[in-house]
Amino acid sequence: HARALAYETAHGTFRTPMFMPVGTSATVKGVTTDQLRDLGAQVVLANTYHLAMRPGADLVAEAGGIHRFMNYDGPMLTDSGGFQVFSLADTVKLSDDGVTFKSIYDGSNIHWSPEENMAIQEKIGADIAMQLDQCAPYPATREFVAKAVDYSSAWARRCLAAHTRPDQTLFGIVQGGMHLDLRLESVRRLREIEEESLAAGGRRFGGFGIGGYSVGEDHEVMFETLGDVARACPEDRPRYLMGVGNPTTLVRAVREGVDMFDCVLPTRTARMGTAFSSAGRMNMRNAKYARNFGPLDAACTCPTCRNYTRAYIRHLVKQNEMLGAMLLSVHNLHFLLDLMRRAREAVLADAYEDFYQAWMDSPAAADY
């Protein structure tokens, strides 16, 4: 079921399958925007929750929007901030009108209706906005997950009606936890919402996010339902598995019909001193690298592997030098971006099954 799409935005066309680096506070930690371009990043994420708190959506708009604010001229996406809100479960109050929560920055009470969330994302100005949704944790009771689908569906309707910025598209989000019937009901409601919108002269969703996975469950549990959920979404628009960056999971999910991915994993693990490689994860604190003067990964062509040795990177990591995390971040991002580039080439060559089997048979597959 692997696919290769091209999707046009106001800041350029991106091609799938693809991985999106996460720039939570308008920066991908340790990586410049020039480096992102050189690495072949197509879409960069920013986080609505954090930007709304600091520096504020009004300031970002005053700066000319998120692209000018952070000096990135390629396509961008903002999540709704819903995942961050619902990770603060003890301070969250839900209602049909939206969500009330406490700011992690100053403790103030904040209320977001779907309309207010859309207004914030339109001010930030990314090419793709995500609807406000409720992300259920794992484990959770079926009753709780079903209510999350109800809220998310109701908010999707209001987000689509409120979203008016012509140079920005809106993605709906599928919820439903690990319950296939609830997932498919969530997809059905989203499709019904956009059909009603189109009939009234309104807009449709530009794509479909698949949220509420990778929230604590084993990935095998996710794959019990992911393929059916992805293929229930419209064929003519991107399917975006939110918050997933494990290399093997990406390769498997593409095979199930998923197009887009994002995750902080490559940069977060880099700050912990871990490198991705074609042989699996590498803990650069290990003494075995102290006198190893070869590249991180001989199969890699990233700037880090072309110019620096394992011994030097280990030295930086052991000394807690910021350059170590920066070099590993560049490498780990390149690893995932290149993996998806090769996946696309395989799809276009009608050879994805060979690509998939080669990866699953590789030493790296079991290590991720």
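Note that this is a predicted model, so its numbers are computed, not measured.

Topic: the overall build of the chain
Here is step 1 of the chain: The helix and strand tally for the chain stands at 16 helices and 15 strands.
Here is step 2 of the chain: The C-alpha radius of gyration of the chain comes to 20 Å, within 12% of the 21 Å expected for a compact globule of 368 residues.
Here is step 3 of the chain: Considering only C-alpha atoms, the chain reaches an extent of 65 × 45 × 40 Å along its principal axes.
Here is step 4 of the chain: The buried share of the chain, reckoned over its 368 residues, is 55%.

Remarks on the packing of aromatic side chains
Here is step 1 of the chain: All told, the structure shown has 14 aromatic pairs when counted by the stated rule.
Here is step 2 of the chain: The interplanar angle of 75° and the centroid separation of 6.4 Å between the aromatic rings of Tyr-49 and Trp-112 together place this pair among those described as edge-to-face. Here the residue Tyr-49 occupies a position in helix H2 (residues 48–53), and Trp-112 occupies one in strand S8 (residues 109–112), the gap between them amounting to 63 residues.
Here is step 3 of the chain: Residue classification places Trp-112 among the buried positions, given a relative accessible area of 3%.
Here is step 4 of the chain: Ring centres 6.3 Å apart and planes at 20° place the aromatic pair Trp-359 and Tyr-368 in the stacked group.
Here is step 5 of the chain: Judged by relative accessible area, which is 8%, Trp-359 ranks as buried.
Here is step 6 of the chain: Through a chain of ring-to-ring contacts, three or more aromatic side chains come together here, namely Phe-276, Phe-335, Trp-359 and Tyr-368.

Quick look at the layout of surface pockets
Here is step 1 of the chain: There is about 830 Å³ of room inside the largest pocket.
Here is step 2 of the chain: Lining the largest pocket are 37 residues, and of these Phe-83, Gln-84, Gly-243, Asp-262 and Val-264 lie nearest its centre.
Here is step 3 of the chain: The dominant element in the lining of the largest pocket, judged by the number of residues it contributes, is helix H12 (residues 265–271), at four residues.
Here is step 4 of the chain: Among the residues forming the lining of the largest pocket, the class breakdown is 14 nonpolar, 17 polar and six charged.

Description of the pairing of strand S4 (residues 44–47)
Here is step 1 of the chain: Side chains of S4 alternate between two faces, with Val-44 and Ala-46 and Leu-45 and Asn-47 buried alike.
Here is step 2 of the chain: The pairing of S4 with strand S5 (residues 76–79) spans four bridges and is parallel. Each bridged residue has a counterpart across the sheet, and for Asn-47 the counterpart in S5 is Asp-79.

Some words on the sheet that holds strand S6 (residues 93–95)
Strand-to-strand pairing in sheets goes through backbone hydrogen bonds, with the strands running parallel or antiparallel.
Here is step 1 of the chain: Spatially, the three strands line up as an open sheet ordered S6-S7-S8, and their pairing is antiparallel. With one partner strand each, in any of the chains shown, S6 and S8 form the two edges of the open sheet. Taken pair by pair, the neighbouring strands of this sheet meet at an average axis angle of 15°, ignoring direction.
Here is step 2 of the chain: Summarising the sheet, strand S7 (residues 98–102) and S8 pair through four bridges and their orientation is antiparallel.

Thoughts on the packing of helix H15 (residues 322–348) against helix H16 (residues 352–360)
Here is step 1 of the chain: Relative orientation of the contacting elements H15 and H16 amounts to 140°, with a least axis distance of 7 Å. Facing H15, whose interface residues are Phe-335, Leu-339, Arg-342, Ala-343, Ala-346 and Val-347, H16 presents Tyr-352, Phe-355 and Trp-359.
Here is step 2 of the chain: Taken together, the residues of the contact of H15 with H16 sort by class into eight nonpolar, no polar and one charged.

Digging into the pattern of salt bridges
Here is step 1 of the chain: Using the criterion set out here, one finds 23 salt bridges in the structure.
Here is step 2 of the chain: Two residues, Glu-185 and Arg-188, come together in a salt bridge whose shortest N-O distance is 2.8 Å. One end of the pair is Glu-185 and the other is Arg-188, both in helix H8 (residues 180–199) and three residues apart, which spans about a single turn.
Here is step 3 of the chain: A salt bridge links Glu-345 to Arg-341, with the nearest nitrogen and oxygen atoms 2.8 Å apart. In this pair, Glu-345 and Arg-341 both sit in helix H15, four residues apart, roughly one turn of the helix.
Here is step 4 of the chain: Accessibility expressed as a relative area gives 41% for Arg-341, which makes it partly exposed.
Here is step 5 of the chain: Each of the salt bridges in this network shares a partner with another, and the network as a whole consists of Asp-150, Glu-185, Arg-188, Arg-189 and Glu-192.

Cut-offs used in this document
Residues numbered from 1 in each chain as written. Predicted model: local features only at pLDDT ≥ 70, side-chain atom pairs only at ≥ 80, totals over all residues. Heavy atoms only, no water. Helix = DSSP H or I, 4+ residues; strand = E, 2+ residues; numbered from the N terminus. Rg over C-alpha atoms; globule rule 2.2 N^0.38 Å. Buried < 20%, exposed > 50% of the residue type's maximum accessible area, 1.4 Å probe, protein only. Phe/Tyr/Trp six-rings, centres within 6.5 Å; stacked < 30°, edge-to-face > 60°. 1 Å grid on protein atoms, 1.4 Å probe; cavity = no way out; pocket = protein on both sides within 12 Å on 5 of 7 lines; lining within 4 Å. Points joined across faces, edges and corners; volume = space filled by probe spheres on them. Nonpolar A, V, L, I, M, F, W, Y, C, P; charged D, E, K, R; others polar. Pairing = 2+ DSSP bridges. Axes fitted to C-alpha atoms, helices over the stretch in contact; angles between N-to-C directions. Contact = heavy atoms within 4.5 Å. Salt bridge = Lys/Arg side-chain N within 4 Å of Asp/Glu carboxyl O.

Distances and angles like these do not, on their own, reveal function.
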